[in-house]
Amino acid sequence: MASSLLLIAKHGNRASTSKSGSADLLQNIPPKAPALSKITPQNLPQVYEKTNYAFLFAPTFHPGMRYVIPIRKELGWRTIFNLMGPLSNPVDSTSATSTPRGSSQAETSLIEARLIGVARKSLGEAFAQSFVLSGARKTMVVCGEEDLDELSCAGPTHCWKVREEPNPAFRGSIDPEDDEYTTSDDEAPPRYTSSIEHFILTPEDFGFPRHSLKDVGPGKEPAENAAILMRILRGEMDADEAVMHFVLINCAALFVVSGICDADVSAMGEGDDGVVIKEVGPGGGRWKEGVRRARWCIESGAALRSLEQFVEVTNAL
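The model shown is predicted, which means the values in this text are computed figures rather than measured ones. (Residues numbered from 1 in each chain as written. Predicted model: local features only at pLDDT ≥ 70, side-chain atom pairs only at ≥ 80, totals over all residues. Heavy atoms only, no water.)

### Some thoughts on the packing of aromatic side chains
As a reminder of what qualifies: Geometry of aromatic contacts follows a simple scheme: Phe, Tyr and Trp rings, the Trp one being its six-membered ring, pair when their centres are within 6.5 Å, and the pair is stacked under 30 degrees between planes, edge-to-face over 60, tilted otherwise. Relative accessibility decides the category of a residue: with a 1.4 Å probe and only protein chains considered, values under 20% of the type maximum give buried, values over 50% give exposed, and everything between is partly exposed. A run of H or I in DSSP counts as a helix once it spans at least four residues, and a run of E counts as a strand once it spans at least two, with each numbered from the N terminus.
Applying the stated criterion across every chain yields a total of four aromatic pairs. Centroid distance Phe55 to Phe57: 6.3 Å. Interplanar angle 45°. Geometry classified as tilted. On the accessibility criterion, Phe57 (3% relative accessible area) is buried. Centre to centre, the rings of Phe199 and Trp287 are 6.3 Å apart; their planes meet at 45°, and the pair counts as tilted. In this pair, Phe199 is assigned in strand β6 (residues 192-201) and Trp287 in helix α9 (residues 287-299), connecting sequence segments 88 residues apart. With respect to class, Phe199 is no different from Trp287; both count as buried. Taken together, the ring pairs connect Phe199, Phe206 and Trp287 into an aromatic cluster.

Shown next, in the form of structure tokens:
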């Protein structure tokens, strides 16, 4: 859905400790599934020429991990590899454009914004700190109160948002497009400083009632999950079903983190009335505006077209 308005790089794999991983779902898309294994680091730019969405299949982008897959499946429980995946998106890298807080190295992430879920609240702060150290600028780590690695539709979700602000001690150019220092001092103050804000989000902040997690059907087989996804994208699911609210909440959060919901104008395309919801909620986010944009992605058919383009381009590689 989010690829209707953003360039998305989804890093994922088949299930190792659950019934259905993100790759399993996509490989069961009817009537024709995307060819995930055909996407490589070499042809990724070619994929993005025709679609805003790319799935970075872990066995292709991290081939060394194939040696641990059988062991993970045999163990059947979460291991350190469940933590490594969200931290190792293959398109992430560093370049000399900014210095993260606490480092003298001029590095920053190539990923502009990200929403990361962790399955334990105790991991939230540590994950957020790791993104600060890697130079990430727009990041939010989330954990549902039930130790859910997504924003919860059932109750509170703990959020750790990385905030970046101009550093008043920076001694470089005042031109925002110029990140060069005017000093050769390796310990010179960085252009930006980052901090982590912790806050709580609830379904009500998005304009929705609460739903039991049982209502969103956890533990389904890949084909079932794929069928649900297609019902949503084809506009066949009731707008007030629990699963729909669950999907809208998580898509809306990514839109807010990306910064597009901060705009006071809206011109998404046909069907967009242009009326921005400016209500600000916890963490300073326009969460209901995020929902408005997420709904447009479905109702306009933009989300379905994005998936269809992804299927077409990957099968033509």
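### Here we look at the layout of surface pockets
Definition in use: Grid points spaced at 1 Å and placed over the protein atoms alone form the basis of the search, with a cavity being a set where a 1.4 Å probe fits but cannot get out and a pocket an open set showing protein on both sides within 12 Å along at least five of seven lines. Lining residues have an atom within 4 Å of a point. Grid points are joined across faces, edges and corners, and a volume is the space filled by probe spheres set on the points. Gly is placed with the polar residues, together with every amino acid not listed as nonpolar (Ala, Val, Leu, Ile, Met, Phe, Trp, Tyr, Cys and Pro) or charged (Asp, Glu, Lys and Arg).
Reported here for the second largest pocket is a volume of approximately 250 Å³. The wall of the second largest pocket is formed by 15 residues, among which Lys138, Lys161, Val162, Arg163 and Val257 lie closest to the centre. Contributing elements (two or more residues each) for the lining of the second largest pocket: β4 (138-144), β5 (157-166) and α8 (242-258). Looking at which element gives the most residues to the lining of the second largest pocket, the answer is β5, with five residues. For the lining of the second largest pocket, the residue count by class is three nonpolar, five polar and seven charged.

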